[in-house]
Amino acid sequence: MSTSRFLAAVGLPVLVSLLLTEVNCACDPSGGPAGNVGCIRSSLYNNQYQYATCHTNSYILQKSKGVHFCLSGAYYCYYQCMLEVYDKESGAVSSDCQCTSTSTPSPTLSSECYSPSGTDCGWYLTCLERKLGCSGGLDSYVMAFSQKLCALAEGKDTGVTETGLKWLNATRRCIQVELAPLLLPYESFTCSDVSAHAYEKQAGCYSKPYQSDYGICRCRLLTFGRFSGGPGTSWV
C-alpha cells in the first residue's frame, strides 16, 4: 500500500504516527461523527496545512472507487481536502483547502449529510437544498432529476426490471457521494456551481457507477420520459 493511501483514510492514531506532523481535529474511529473538520500537515503536500473531514469508511470507499479506506477496521477516519475535492494524493495545497492549525469550521448539518449512504432520497432536500438554498433554474432541475432517479430505485415502479434496479441503486449512491463535497463546512459554492458539478460527475455515475457491472447502455434505457414526467416506455 502506498503512503498516499495511508494519508487518505486511516484511523487517527495511525494517521498521526505515520504521516502527519501536526493535527487538530476530532474523529473517533468508532463514533465519528462525520462532518467534523480538522487541520493537518503532511510532507506529501509540501508540509502545507489542509482541511480533513471525518467520514465513514463506506463513503470514502465509494468516493475513491475503492482506492482509499480506513485502516484497522475503523468505521470513521479522516479524508483530506486535496483528495476529497481534487483527487490529488500529493503536491501543493489549493487555496480553498488551506487552513490554520488553530481554527477549523464547525459542521452546520447533521452528520448523515456529509457521509451519505446513497439510499436516503430525502438527502437532497434535508442536506443539499438546506445548505445551498437553490430554487429555480437548472440547479433545481438537476436535483429534481436526481431525486426521481433515487425514488425509482425504491422498487415501487413495476416498469423497472431487476437489471435496471441494480443500476439505479449503484447510480443513486454514486450521485449523492459525488455531490456531498458541496456541503463541506469550509467550502463555499453557488447554485450555478451545483449544476456544473452535478453535470460533470453524473455522467460517470450513469456510465459506470462504483461496484456495479451495469452502465446506462447495458440497462438499455429506451426513454427518459419516465424521469421527466412525460409519457415513456419501461426499463428492459
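From a predicted model like this one, the values you see are computed outputs, not experimental measurements.

How each quantity is defined
- Residues numbered from 1 in each chain as written.
- Predicted model: local features only at pLDDT ≥ 70, side-chain atom pairs only at ≥ 80, totals over all residues.
- Heavy atoms only, no water.
- Phe/Tyr/Trp six-rings, centres within 6.5 Å; stacked < 30°, edge-to-face > 60°.
- Helix = DSSP H or I, 4+ residues; strand = E, 2+ residues; numbered from the N terminus.
- Axes fitted to C-alpha atoms, helices over the stretch in contact; angles between N-to-C directions.
- Parallel < 35°, antiparallel > 145°, perpendicular 65-115°, else oblique.
- Left-handed = near helix turned anticlockwise from the far one by under 90°.
- Contact = heavy atoms within 4.5 Å.
- Nonpolar A, V, L, I, M, F, W, Y, C, P; charged D, E, K, R; others polar.
- Core = buried A, V, L, I, M, F, W, Y, C linked by side-chain atoms within 4.5 Å.
- Buried < 20%, exposed > 50% of the residue type's maximum accessible area, 1.4 Å probe, protein only.
- Domains from an automatic or database assignment.
- Disulfide = S-S within 2.5 Å.

1. Focus: the packing of aromatic side chains
The full count for this structure, using the stated rule, is 4 aromatic pairs. Considering the side-chain rings of Y75 and Y76, the 5.0 Å spacing of their centres and the 75 degrees angle between planes classify their relative orientation as edge-to-face. Relative to Y206, the ring of W167 lies with its centre 6.2 Å away and its plane at 40 degrees, an arrangement referred to as tilted. On the criterion of sequence distance, the pair formed by W167 in helix α8 (residues 162-179) and Y206 in helix α9 (residues 191-207) is long-range, its members being 39 residues apart.

2. Some remarks on the packing of helix α6 (residues 123-132) against α8
Their axes nearest at 12 Å, the elements α6 and α8 cross at an angle of 20 degrees. By the angle between their axes, α6 is roughly parallel relative to α8. Once α6 is placed against α8, the crossing between them reads as left-handed. Where α6 abuts α8, its residues W123, Y124 and L128 lie against I175, Q176 and L179. Residues belonging to the contact of α6 with α8 are distributed by class as follows: 5 nonpolar, 1 polar and no charged.

3. What about the nonpolar core?
W123, Y124, L128, L168, L179 and L183 are the most contacted members of the largest nonpolar core, which totals 48 residues. For this core, the leading source of residues is α8, giving 6 residues. When residues are assigned to domains, this core turns out to be shared by domain 1 (26-109) and domain 2 (116-225), each giving three or more. Grouped together as the second largest cluster of nonpolar side chains are 7 residues, C27, I40, A52 and Y78 included.

4. What to know about the state of the cysteines
Two cysteines form a disulfide when their sulfur atoms are joined by a covalent bond. Per the stated rule, a full pass over the model turns up 6 disulfides. With a sulfur-sulfur separation of 1.9 Å, C81 is cross-linked through a disulfide to C97. Across the S-S bond of C81 and C97 the torsion is about -60 degrees, and the bridge reads as left-handed. Residue C81 is located in helix α4 (residues 81-84), and its partner C97 is located in the loop between α4 and α5 (111-114); the two are separated by 16 residues in the primary sequence. Assigned by exposure class, C81 and C97 land together as buried. A sulfur-sulfur separation of 2.0 Å characterises the disulfide bridge that pairs C113 with C127. Measuring handedness by torsion sign, the sulfur bridge of C113 and C127 sits at about -75 degrees and is left-handed. Highlighted residues: C113 in helix α5 and C127 in helix α6, separated in sequence by 14 residues.

Geometric descriptors of this kind do not, in isolation, establish any biological role.
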